Number of protein chains: 2
Amino acid sequence: MTMTQAVERLYRIQRELQAYRNVRGLLYHDASTAAPGKSAASRGQTLAVMEQASARILCSGECRELLAYLTPRAEELPRRERRMVQLMDRERRWRDAVPEEEYLSFQKLLAVSFEIWAHAKEADDFSMLEPFLEQVFAACRRISAWAAPDRPPLDVWLDRYEAGLTVERCDRFFDVLRTGLVPLLKRISAAEPEGPEAEYPLEAQRLLSHRIMDLMGIDRNHCALSESAHPGTTGLTKYDVRITTRYQKNQFAPGLFMVMHEGGHALYELHTADEDAFTCLGAFASMAVHESQSRFYENLVGHSRPFLTFLAPVLQEYFPQQLGGMDEEQIYRSVNCVRKTPIRMEADELTYPLHIMIRHEIEKRIFSGELRVKELPQAWNDLYREYLGVEVRSDREGVLQDCHWAYGSIGYFPSYALGNAYGAQLMQAMKREIDVDRCLREGDLVPVNGWLEEKIWRHGARYEPEQLLESAWGGTFDPGVYLRYLEQKYLNLSCAQ
Amino acid sequence: MTMTQAVERLYRIQRELQAYRNVRGLLYHDASTAAPGKSAASRGQTLAVMEQASARILCSGECRELLAYLTPRAEELPRRERRMVQLMDRERRWRDAVPEEEYLSFQKLLAVSFEIWAHAKEADDFSMLEPFLEQVFAACRRISAWAAPDRPPLDVWLDRYEAGLTVERCDRFFDVLRTGLVPLLKRISAAEPEGPEAEYPLEAQRLLSHRIMDLMGIDRNHCALSESAHPGTTGLTKYDVRITTRYQKNQFAPGLFMVMHEGGHALYELHTADEDAFTCLGAFASMAVHESQSRFYENLVGHSRPFLTFLAPVLQEYFPQQLGGMDEEQIYRSVNCVRKTPIRMEADELTYPLHIMIRHEIEKRIFSGELRVKELPQAWNDLYREYLGVEVRSDREGVLQDCHWAYGSIGYFPSYALGNAYGAQLMQAMKREIDVDRCLREGDLVPVNGWLEEKIWRHGARYEPEQLLESAWGGTFDPGVYLRYLEQKYLNLSCAQ
Ligand SMILES: [Zn+2]
Ligand SMILES: [Zn+2]
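Keep in mind the model is a prediction, meaning the values are calculated, not measured. (Residues numbered from 1 in each chain as written. Chains lettered and ligands numbered in written order. Predicted model: local features only at pLDDT ≥ 70, side-chain atom pairs only at ≥ 80, totals over all residues. Heavy atoms only, no water.)

## Comments concerning the overall build of chain A
Within chain A, the regular secondary structure consists of 21 helices and three strands. Over its C-alpha atoms chain A spans a radius of gyration of 23 Å, differing by no more than 12% from the 23 Å that the globule rule assigns to 497 residues. Its C-alpha atoms give chain A principal-axis dimensions of about 70 × 50 × 45 Å. Counting every position in chain A, which comprises 497 residues, the buried fraction comes to 58%. Sequence-distant contacts, at least 24 apart, represent 73% of the contacts inside chain A between residues at least 6 apart. Within chain A, the 73 negative side-chain charges are centred at a point lying 2 Å from the centre of the 59 positive side-chain charges. (Helix = DSSP H or I, 4+ residues; strand = E, 2+ residues; numbered from the N terminus. Rg over C-alpha atoms; globule rule 2.2 N^0.38 Å. Buried < 20%, exposed > 50% of the residue type's maximum accessible area, 1.4 Å probe, protein only. Contact = heavy atoms within 4.5 Å. Lys, Arg positive; Asp, Glu negative; His and termini not counted. Charge placed at Lys NZ, Arg CZ, Asp CG, Glu CD.)

Below, the structure is given as structure tokens:
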């Protein structure tokens, strides 16, 4: 094999792997939008074959040989190709470490346990899910032992979603937040106005979504919007991104800000580099970085005071009856009211990280052996009382609300909170170079997109998240930026009443 | 290898191949419904990888070894497994005969030529497409020579869609039709009333579609309806079927009968045998048999006089203003008016097979060398004048109207007309056992579905089309049945005026 042949093969294998990734993405997206209600089992068969086929490519003799050839020659490769080898080898080692049987039985377990979770949630009965969750946590423990026998299981899983993340780093991050937020919440809560309840016709909400997508500069030739009970973003390739939202009849805010959230994710995927398409670099740096982009648009742009100056008249155009009587300050306040809800997905910016903290705390206790699965609901409810001052009235509104654990996404939650914090620090850095407030007041998002594309989007997965972010904001990660942003925003909101 | 191991492998390989078939189906369905406008090139990359992967499974040493083991032992296999081996081996031989390079370059050519076709149609400029069509026909000629050097190319391609079909059999079929229909059309045309033009709100049309799907007994848990500019049916598995329709604002009939057409396809896919799911038997006997089911529902049920007794009041319920003043006979006549249109997709039952005949005639002349690609538009227009008495005013309404040739579907068209004829003969046979007219008048489709399931649907691909049909109608194929059905229906319609 010559170097040229090796690089050719490197690209071909990546193209194949990316095709399987696209297909998996489409199967999930279709499942959440267009597929008939009882097609899950049938789709499961297809997914299993696709999973296996792509694992076989990664662990094939051909790929193994290629990586064995290129890894010792990495210094001779250009930076991009070197990074490809690094990422592919990381993934291959993970797949290789876990025996195929273990891996497949894990996939099957997750398919079942995900379905059971939906039934258990509907029935509000944690005991249905408990034995499956038991198995999921046990399997995660075994798998992390295969992959990295000398590291704590939760570290291994955190690192899967955010390379380099550990329990210790999470703890440092959450300690800063908890220390600041729990007392802050006690000071300012219960003083916020409720959002304006009225009928917001779905057709008008849909039109508004398109207006906002255009405003955000999302290229509709490569990004489609549809509706789903479980909104999300699916980037098949940078040329084909799908986002979904969910409208509520009596509130405009959830549907709108969901579009801004998913639109933020979409912009990231759409603006990775052309030459990285169909390679493992044409993706994203980490889940937390991805989440930093969505929350940047949802919160730091969408829910900000200057943007509401622009947005309020737009909203009034679409909902003249419903919002015509309010001024921009009132609308701003209404979309930022603090809700002590037990439901993460309904949380406001201030309480959101507390929801995440609770989940991280529980994951830690499960893996330390301190907490057993059957004690989960009690621990959950206790933590909600302690951090949020909220009484959880049922497991459906408590431990059963999220599917993540049933779906095997252990160690995923911290990405959400980290994404918020990353976003705040990016905004701080952006403001040093751009008059962001003026852009938002004028609804001119071009400079904002330009900055994000330059610093984040176009780099795809070329860098480790830490490296990417530090170079973007020119310094180390400081969760204090995020904390101070929240304190300032919510103290302003509560004293100006 | 033991027989047990071989059979196990047989099922596993089929499960894998079916997964790829499902994925291809989903990619096409998604492309025609939800995908963003400029995602085709990206999707093409994914499709190419999937095509290649599934061809590799079929032509792998493992599969080859399996078929070499089972083929000489076919007698020891139960009928179903014997049929699987036969179908898999047929497909493998086809793929094996064509060199991979030729096959892949054909796929690439089709992707390009399909795109060019769309542009050429839009620009009404056949010369844009001509060189690509030239290449497509040449490639088809080469491929058929690889696959069966001793058979006429068009026979080879006809046989791909309908096993056992030849030019000679097509000719015999079309001769019967032409002899009967061309003079019939001259007698009765120009005397029909135009359909009632009015506004038919899309929302009401959508609700009507759901009502009709329920009436047809289509299981909505396994079959979803959506909208597309290019309606069709995609059977991923028997547990997951998608149909699409397209509504017109000023006519209710196209959207409605499209749903009945695609619904007929869907019923077939949904009612193949459970034990055949995820095998090559869980499909359909041939494209013409598939089309016989869709046209059975669209025409022999949907457009029939007795069904209109049931349907007319239903239509009036959804469109009281628009159709309230008409009686059922008038509505029956309006949906059956004879239109001498140059567009196949707008044709009525009577003229439809003439559109197909023209296409078959042209395919024959191209392959015999009698006609060159650049002479296509002239030949097309001449034949439309001769058979239908229609002047084609532009290539967009003429030779550019269908994508089939540009997409490499050579020899596909006859399936449409054969499907009509098969349907008529199935209806004749059904009427010997069931009082079909009574069922249709009462809107009770359960006995109709029961008969079709028993005779056609549950057998999937277990039999060759001829064998399946002859056993269903108890005799040999007789195109005279179809001809007499058309004569009777349209003579009745024209003299009763
Ligand atoms: Zn997100
Ligand atoms: Zn059809």
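On we go.
## What about the state of the cysteines?
The full count for this structure, using the stated rule, is zero disulfides over all chains. The thiol sulfur of C59(B) is not disulfide-bonded, and the nearest other cysteine sulfur, from C63(B), lies at 7.6 Å. (Disulfide = S-S within 2.5 Å.)

## Quick word on the coordination of the zinc ion (ligand 1)
Residues and elements named next belong to chain A. Note on the zinc ion (ligand 1): its protein donors are H261 (NE2), H265 (NE2), E291 (OE) and E291 (OE). The metal-donor distances range over 2.1 to 2.6 Å. Relative to the metal, the four donor atoms surrounding the zinc ion (ligand 1) lie at angles of 49 to 126°, and the coordination shape comes out irregular. Spacing between the donor residues of the zinc ion (ligand 1) along their common chain follows H-x3-H-x25-E. Of the two residues, H261 and H265 are both situated in helix α10 (residues 253–270); the distance of four residues between them amounts to about one turn of the helix. Summarising the burial analysis for this pair, H261 and H265 share the class buried. (Donors = N, O, S within 2.8 Å, 3.2 Å for Na, K, Ca; no water. Tetrahedral: all angles 85-135°; square planar, octahedral: opposite > 155°, others 65-115°.)

## Re the sheet that holds strand β2 (residues 233–237) of chain B
Residues and elements named next belong to chain B. Spatially, the three strands line up as an open sheet ordered β1-β3-β2, and their pairing is mixed. Each edge of the sheet is formed by a strand with only one pairing partner; in this case those strands are β1 (223–227) and β2. Between one strand and the next, the sheet's axes are offset by a mean angle of 20°, whatever the strand orientation. With five bridges connecting them, β1 and strand β3 (residues 240–245) associate as parallel partners. Across the sheet, L225 pairs through a bridge with I243, a residue of β3. (Pairing = 2+ DSSP bridges. Axes fitted to C-alpha atoms, helices over the stretch in contact; angles between N-to-C directions.)

## Some words on the nonpolar core
One finds L376(B) and W405(B) to be the most contacted residues of the largest nonpolar core, which totals 137 residues. Split by domain, the residues of this core number at least three in each of domain 1 (3–124) and domain 2 (168–495) of chain B. Non-local contacts of W405(B), meaning those with residues more than four positions away in its chain, are made with L133(B), V136(B), F137(B), R359(B), I362(B), E363(B), L376(B), W380(B), V399(B), I410(B) and F413(B). Membership of the second largest hydrophobic core comes to 134 residues, among which are I143(A), L154(A), F174(A) and F257(A). (Core = buried A, V, L, I, M, F, W, Y, C linked by side-chain atoms within 4.5 Å. Domains from an automatic or database assignment.)

## Some remarks on the pairing of β2(B)
Residues and elements named next belong to chain B. By the criterion of burial, β2 is predominantly enclosed, with four of the five residues buried. Both β2 and β3 contribute to a ladder of four bridges, which runs antiparallel. Bridging from a neighbouring strand, G235 pairs with V241 of β3. If you look at the hairpin formed by β2 and β3, you'll find two residues sitting between the two strands.

## So, the packing of aromatic side chains
Under the criterion given, the structure shown has 49 aromatic pairs over all chains. Seen from their ring centres, F137(B) and F367(B) are 5.9 Å apart, and the 75° between their planes marks the pair as edge-to-face. Of the two residues, F137(B) is situated in helix α6 (residues 126–147) and F367(B) in helix α15 (residues 352–368); the sequence distance between them amounts to 230 residues. Accessibility classification places F137(B) together with F367(B) in one group, the buried group. Their ring planes at 55° and their centres at 5.9 Å tell us that Y422(B) and W473(B) sit as a pair that is tilted. Remark: W473(B) occurs in helix α20 (residues 465–473) and Y422(B) occurs in helix α17 (residues 414–433); sequence separation between them is 51 residues. Given a relative accessible area of 2%, Y422(B) falls into the buried group. The rings of F137(A), Y161(A), Y352(A), F367(A), W380(A), Y384(A), W405(A), Y412(A), F413(A) and Y416(A) are connected pair by pair, giving a single aromatic cluster. Across the ring face of F413(A), the terminal group of R359(A) is positioned such that the distance to the ring centre comes to 5.3 Å. Positioned above the aromatic ring of Y69(B) is the side chain of R73(B), whose terminal nitrogen or guanidinium carbon lies 3.8 Å from the ring centre. (Phe/Tyr/Trp six-rings, centres within 6.5 Å; stacked < 30°, edge-to-face > 60°. Lys NZ or Arg CZ within 6 Å of the ring centre and 35° of its normal.)

## Observations regarding the coordination of the zinc ion (ligand 2)
Residues and elements named next belong to chain B. Taken together, the protein donors to the zinc ion (ligand 2) comprise H261 (NE2), H265 (NE2), E291 (OE) and E291 (OE), at separations of 2.1 to 2.7 Å. The coordination sphere of the zinc ion (ligand 2) comprises four donor atoms, whose angles at the metal cover 49 to 127°; the geometry is irregular. Linear spacing of the donor residues for the zinc ion (ligand 2) on their chain is H-x3-H-x25-E. Within this pair, whereas H261 is found in helix α10 (residues 253–270), its partner E291 is found in helix α11 (residues 287–301), the two being separated by 30 residues in sequence. Like H261, the residue E291 is buried in the burial classification.

## Some points on the domain arrangement of chain A
Residues and elements named next belong to chain A. Domain annotation for chain A reports domain 1 (3–124) and domain 2 (168–495). One C-alpha centre belongs to domain 1, the other to domain 2, and the line joining them spans 28 Å. With 28 residues of domain 1 in contact, the opposing surface of domain 2 contributes 34 residues. Of the roughly 2700 Å² buried between domain 1 and domain 2 on both sides combined, carbon and sulfur atoms contribute 55%. Summed over the three residues of domain 1 that lose the most area to domain 2, namely H29, R80 and W117, the buried surface amounts to 21% of that side. Here domain 1 is connected to domain 2 by three salt bridges. The salt bridge partner of D276 is R80, with a shortest N-O separation of 2.8 Å. Our count for the contact surface shared by domain 1 and domain 2 stands at 19 residue pairs in polar contact (both at pLDDT 80 or more). Of the residues contributing to the side of domain 1 that touches domain 2, the split by class is ten nonpolar, nine polar and nine charged. (Buried area = accessible area lost by both parts, 1.4 Å probe. Salt bridge = Lys/Arg side-chain N within 4 Å of Asp/Glu carboxyl O. Polar contact = N/O pair within 3.5 Å; in protein donor to acceptor, adjacent residues only side chain to side chain. Nonpolar A, V, L, I, M, F, W, Y, C, P; charged D, E, K, R; others polar.)

## Regarding the sheet that holds strand β2 (residues 233–237) of chain A
Residues and elements named next belong to chain A. Spatially, the three strands line up as an open sheet ordered β1-β3-β2, and their pairing is mixed. Unpaired on one side and paired on the other, β1 (223–227) and β2 mark the two borders of the sheet. Ignoring which end each strand starts from, the neighbouring axes of this sheet average 20° apart. Along the sheet, α10 makes contact with β1, β2 and β3 (240–245), crossing β3 at roughly 165°.

## A closer look at the packing of helix α8 (residues 167–188) of chain A against helix α16 (residues 376–388) of chain A
All names here are of chain A. In the contact formed by α8 and α16, the axes pass within 9 Å of each other and the chain directions differ by 75°. One element, α8, and the other, α16, form an angle in the roughly perpendicular class. Contacts between α8 and α16 pair R178, V182, L185 and K186 from the former with E386, Y387 and L388 from the latter. When grouped by side-chain class, the residues that make up the contact of α8 with α16 number four nonpolar, no polar and three charged. (Parallel < 35°, antiparallel > 145°, perpendicular 65-115°, else oblique.)

## Some thoughts on the pairing of β3(A)
For a regular strand, side-chain orientation follows a simple rule: the groups alternate between the two sheet faces. Taking burial as the measure, the six residues of β3(A) include six buried ones, the bulk of the element. Here β3(A) shows a buried face lined by D240(A), R242(A) and T244(A) and a second buried face lined by V241(A), I243(A) and T245(A).

## Observations regarding the interface of chain B and chain A
With 34 residues of chain B at the contact, the number on the chain A side is 34 residues. Between E16(A) and R56(B) there is a salt bridge whose closest N-O contact spans 4.0 Å. Linking chain B with chain A are 13 residue pairs in polar contact (both at pLDDT 80 or more), by the criterion used here. Every element with two or more residues in the side of chain B that touches chain A is listed here: α1 (3–33), α2 (40–58), β1 and β3 of chain B. The element that contributes the greatest number of residues to the side of chain B that touches chain A is α1(B), accounting for nine residues. Of the residues in the side of chain B that touches chain A, the class split is 16 nonpolar, nine polar and nine charged.

## Let's talk about the packing of helix α17 (residues 414–433) of chain A against helix α19 (residues 446–455) of chain A
Two quantities define a packed helix pair, namely the angle between the helix axes and the distance between the axes. All names here are of chain A. Where α17 meets α19, the axes come as close as 11 Å, and the angle between the chain directions of the two elements is 115°. At the point where α17 passes α19, the crossing takes the right-handed sense. Taking contact as the criterion, the partners of L426, A429, M430 and E433 in α17 are, on α19, V448, W451, L452 and K455. A breakdown of the residues in the contact of α17 with α19 according to their chemical character gives six nonpolar, no polar and two charged. (Left-handed = near helix turned anticlockwise from the far one by under 90°.)

## Comments concerning the pattern of salt bridges
Residue and element names in this part refer to chain B. This model, assessed by the stated rule, comprises 97 salt bridges over all chains. We note a salt bridge from R9 to E62, for which the minimum N-O separation is 3.8 Å. Of this pair, R9 sits in helix α1 while E62 sits in helix α3 (residues 61–70), and the two are 53 residues apart along the sequence. On the basis of relative accessible area, R9 is assigned to the buried category, the value being 18%. Among the salt bridges present, the one from R90 reaches E464, with a minimum N-O distance of 2.6 Å.

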